[in-house]
Amino acid sequence: QVLLVESGGGLVQAGGSLRLSCAASVLTLSSYAMGWWRQAPGKEREFVATINSNSKSTYYSDSVKGRFTISRDSAKNTVYLQMNSLKPEDTAVYYCAASSHGATREYKAYAYWGQGTQVTVSS
């Protein structure tokens, strides 16, 4: 069954903004650190951002720091990625993932993954 479902992707011009959402089924996300990852065609999946279970710690890749913000709403069992000042190089499939080993950049810590949502930024 699908445990995490991303939404909010789409086509946007450079400099624009999008907000991605990740909704959970079955999983109670407050029990997990959450992360956003992305993968462009022909490239490995790369870390974007992560947030711990109580929202007290966040970490970002250098490429998105200052432009993207990760947040979560435990009442809605949802995590968000606000993306501002988008660049063509942000184009990728964005994945939501859950970690039971804290907020980390370590790929293997993420046990549950969504199906991904496409973000395309035109120049």
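From a predicted model like this one, the values you see are computed outputs, not experimental measurements.

(A) Inspection of the sheet that holds strand β3 (residues 18-24) at higher detail. Read from one edge of the open sheet, 4 strands run β1-β3-β8-β7, paired in antiparallel fashion. Of all strands in the sheet, those with a lone pairing partner are β1 (4-7) and β7 (68-73), marking the two edges. Looking at each pair of strands side by side, their axes are set apart by 15 degrees on average, direction ignored. Pairing between β1 and β3: 4 bridges, direction antiparallel. Looking at β3, one finds that E6 is bridged to C22.

(B) Representation of the packing of aromatic side chains in the model. This structure, assessed with the given rule, holds 7 aromatic pairs. Between Y107 and W113, the ring centres sit 5.2 Å apart and the planes meet at 35 degrees, which makes this aromatic pair tilted. For Y107, a relative accessible area of 41% puts it in the partly exposed group. What makes W113 partly exposed here is its relative accessible area of 24%. Between Y110 and W113 the ring centres are 6.1 Å apart and the planes differ by 55 degrees, which places this aromatic pair in the tilted class. Aromatic ring contacts, followed pair by pair, group W37, F47, Y107, Y110 and W113 into a single cluster.

Cut-off values and rules
- Residues numbered from 1 in each chain as written.
- Predicted model: local features only at pLDDT ≥ 70, side-chain atom pairs only at ≥ 80, totals over all residues.
- Heavy atoms only, no water.
- Pairing = 2+ DSSP bridges.
- Helix = DSSP H or I, 4+ residues; strand = E, 2+ residues; numbered from the N terminus.
- Axes fitted to C-alpha atoms, helices over the stretch in contact; angles between N-to-C directions.
- Phe/Tyr/Trp six-rings, centres within 6.5 Å; stacked < 30°, edge-to-face > 60°.
- Buried < 20%, exposed > 50% of the residue type's maximum accessible area, 1.4 Å probe, protein only.

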